Every structure is written in structure tokens, then in C-alpha cells.
Amino acid sequence: MVDTEESGMSAKQTLLRTLPADLDPARLPKHVAVIMDGNGRWAQSRGLPRIVGHQRGVDALKNLLRCCDDWGIGALTAYAFSTENWGRPLEEVDFLMTLFERVLRQQLREMMAENVRIRFVGHLETLPPSLQSEIERAMAETQGNTGIQFTVATNYGGRQEIVEACRAIAQQVRQGSLDPDCIDQTLFSQHLYTANLGDPDLLIRTSGEMRISNFLLWQVAYAELYVTETLWPAFDREAFHRALTSYQQRDRRFGKVRPR
Ligand code: IPE
Ligand code: IPE
Ligand code: MG
């Protein structure tokens, strides 16, 4: 079958079906995280309402997930909605919640067929109940899948995540089941939403903004940062190729010095 624009992948994109030859498969990031920013600006620059940008943003995410899978990247984490995004106009927030629910329902079968394991991280308890049900269903159904680990940060805030972890740890200390001397980085990580998911190696932010916006504050301690001016709905395989090329040019020293 030939992919068309309609199926979300242009002819040029199809050429990038497999890992580009100039990338070293042994030095790919194991885990890529992405701050999908610029949906509103993408739409507004075309005279369209912001929500159209969010719809096109979903297509960009679907394409990136398939691309990671095709190119051999084992984990993708995407920032879909922050704890700060509740401050947007009610219509936009409502639209996003409905969009997440619809896309999840529509994509579940495809994710099963593609062996994707989906997981949501964030303060999920305060999302609309119907969205929570779809989330639970998708996580439960794909739990046994062995393909790409796809994590969606929804109602996610890095500071909130750290506070919740502290509270859970403090409760165990109060109950007498945990000795404070046993609190170390490994134990702390296990109390984050992302427990058992490795830290991202590469964090991509689209739309040119040079900030973290409360995303994965603990986990990005040693991630390589890549910011592109490309707006999220336009982030395609070529754009991802450029991000990976940049990543492979980095010298990840982790505070050490290279032996001469
Ligand atoms: C990112 O795009 C999507 C969400 C935060 C949900 P924006 O909606 O932030 O788009 P801009 O930054 O206003 O262009
Ligand atoms: C970050 O984008 C949140 C998501 C991509 C979900 P924002 O558009 O909300 O971030 P700011 O306002 O530029 O910091
Ligand atoms: Mg934005």
C-alpha cells in the first residue's frame, strides 16, 4: 500500500520508512521525550482556529510514534497537557479533553496491532471520568504488548509529581514501613509517575521555546536538549532525522572527562 497525504504521510516521508543511512543504529537514543509545542501558532498562521492545530498535532504524534518504531527507538514520551494548561479558555480545554478521548478510542486497535504499550503519566484522577475510563482501558489492554513504550503526559506537572512522590514516601515513614536512611535516588524514582521507565536520552521541544515548562524535571537531569523552530504539527520524519543527527553529534560526558 502506498501512503498518501491523506493517510498522514507524504510521498517524501515514505522514503524515510527505514532508519536514514547516516544515522548510527547503535547510538540512537533509547528514550525520546517531546514537548509538542506550537499547535496554536501553526493554526493561527494559516488563519485557522487553534483547535485545528491540535487536531494536526495528533497526526504529527501518530507519525512520530510510528517513526520511532520503524527506526528502532524503544520509548517515546509526549507532553500532551500540563497542569498549567487548565488556565486556557474553557472551550480549548474541553476540546482537548474530548480530542484525547476520541483519539484514544480510535487508536486502540491500531496500537494493539502494532504491539504498542501505552501508559499515561500525570495527575490522572482529576481528568474527566470518561477520559479516565479510556485511559484505564488502553493501559490495561496494551499492558502485555512488547513493542514500543509510549507514554503520554496528561495533566502532568513535574513539580506536582515530585510533591506526590514526597508525600507517598513520608506516609511510609510515618507508618514505620520505611527508614529515612533508605531514601535514595533509586527509591525516589520509583515513586514518580515514571517508575520503571528509563530517563529520556533526548528531549525535543518544537516551536523554538527555550524552556522546560514543568516537564519531567527529575528525569531530564542528563537528557540532551534539542529545540527546533518547527511548529509541532509540521514536525515530520525529516525534522526528527535532524534532531537525531544533532543528538549523534553530542559528546555525552555525564560530568566526566574523556580519556585521551
Ligand atoms: C501545544 O501547542 C499543545 C498543548 C499545550 C496542549 P500550543 O497550544 O501551546 O500552541 P502555541 O504554543 O500556543 O502555539
Ligand atoms: C507545554 O507547552 C505543555 C505541552 C506541550 C503540553 P505550553 O505551550 O503549555 O508551554 P508554555 O506556556 O510555552 O510554557
Ligand atoms: Mg504553547
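The structure we're discussing is the one just above.
Residues numbered from 1 in each chain as written. Chains lettered and ligands numbered in written order. Predicted model: local features only at pLDDT ≥ 70, side-chain atom pairs only at ≥ 80, totals over all residues. Heavy atoms only, no water.

Quick look at the site of ligand 1 now. Neighbouring ligand 1 are the residues Met36, Asp37, Gly38, Asn39, Gly40, Arg41, Arg50, His54, Ala80, Asn85, Arg88 and Leu96. Residue Gly38 places a main-chain N or O atom 3.3 Å away from an oxygen atom belonging to ligand 1. One nitrogen or oxygen atom from the main chain of Arg41 is found 2.7 Å from an oxygen atom belonging to ligand 1. Computed on the free molecule, ligand 1 has an accessible area of 380 Å², of which 86% lies beneath the protein chains in the complex. Among the elements of the structure, α2 (39–44) and α3 (50–71) are those that each provide at least two residues to the shell around ligand 1. Here the residues of the shell around ligand 1 are counted per class, giving three nonpolar, five polar and four charged. (Near = heavy atom within 4 Å. Polar contact = N/O pair within 3.5 Å; in protein donor to acceptor, adjacent residues only side chain to side chain. Areas by Shrake-Rupley, 256 points an atom, 1.4 Å probe, with all protein chains shown as cover. Helix = DSSP H or I, 4+ residues; strand = E, 2+ residues; numbered from the N terminus. Nonpolar A, V, L, I, M, F, W, Y, C, P; charged D, E, K, R; others polar.)

This part covers the packing of aromatic side chains. One pair of aromatic rings is described through two measures. These are the centre distance and the angle between the planes. Applying the stated criterion across every chain yields a total of eleven aromatic pairs. Taken together, a centroid distance of 5.7 Å and an interplanar angle of 10° make the contact between Trp71 and Phe240 stacked. Of this pair, Trp71 sits in helix α3 while Phe240 sits in helix α8 (residues 237–248), and the two are 169 residues apart along the sequence. Since its relative accessible area comes to 4%, Trp71 is described here as buried. The exposure class assigned to Phe240 is buried, which follows from its relative accessible area of 0%. (Phe/Tyr/Trp six-rings, centres within 6.5 Å; stacked < 30°, edge-to-face > 60°. Buried < 20%, exposed > 50% of the residue type's maximum accessible area, 1.4 Å probe, protein only.)

Now for the pairing of strand β5 (residues 202–205). Burial of β5 is two-sided: the residues Leu202 and Ile204 facing one way and the residues Leu203 and Arg205 facing the other way are all buried. Bridge count between strand β1 (residues 31–35) and β5: four bridges; the pairing is parallel. Counterpart to Val32 in the pairing with β5 is Leu202. Pairing between β5 and strand β6 (residues 224–227): four bridges, direction parallel. (Pairing = 2+ DSSP bridges.)

In an α-helix, one turn spans 3.6 residues, which is why side chains three or four residues apart end up on the same side. For helix α6 (residues 158–174), built from 17 residues, the straight-helix expectation of 24 Å at 1.5 Å per residue is met to within 8% by its first-to-last C-alpha distance of 24 Å. Those residues of α6 lying buried are Gly158, Glu161, Ala165 and Ile169. Take α6 and look down its axis: the buried residues cluster within an arc of 65°, on one side only. In α6, the exposed positions angled more than 90 degrees off the buried face are occupied by Arg159 and Arg174. Buried residues along α6 sit in contact with β4 (149–156) and α7 (185–190). One or two residues past the end of α6 sits Gly176, with phi positive at roughly 85°. (Expected span 1.5 Å × (residues − 1). Arc of directions from axis to C-beta. Contact = heavy atoms within 4.5 Å.)

A separate point is the nonpolar core. Proteins that are soluble and globular tend to have nonpolar side chains buried together. Counting residues in hydrophobic clusters, the biggest one holds 46 residues, and the most contacted among them are Leu76, Phe150, Ile204 and Phe240. In contact with Phe240, other than residues within four places in its own chain, are Val32, Leu64, Cys67, Cys68, Trp71, Ile73, Ile204 and Phe235. Counting twelve residues, the second-largest nonpolar core is a separate cluster that includes Leu203, Phe215, Val220 and Ala223. (Core = buried A, V, L, I, M, F, W, Y, C linked by side-chain atoms within 4.5 Å.)

Bringing the side chain of Thr142 into the picture now. With respect to the secondary-structure elements, Thr142 resides in helix α5 (residues 129–142). Assessed through its relative accessible area of 0%, Thr142 is described here as buried. Only 2.8 Å separates the side chain of Thr142 from the backbone oxygen of Ala138, close enough to count as a polar contact. Those residues in contact with Thr142 that sit more than four places away from it in its chain are Leu108, Met112, Val116, Arg117 and Ile118.

The subject of this paragraph is the site of ligand 2. Taken together, Ile35, Met36, Asp37, Tyr79, Ala80, Phe81, Asn85, Arg88, Arg205, Arg211 and Ser213 form the complete shell of residues around ligand 2. Arg211 places a polar side-chain atom, nitrogen or oxygen, 2.8 Å from an oxygen atom of ligand 2. When residues of the shell around ligand 2 are assigned to their parent elements, the largest contribution, three residues, is made by strand β2 (residues 75–82). Class assignment for the residues of the shell around ligand 2 results in five nonpolar, two polar and four charged.

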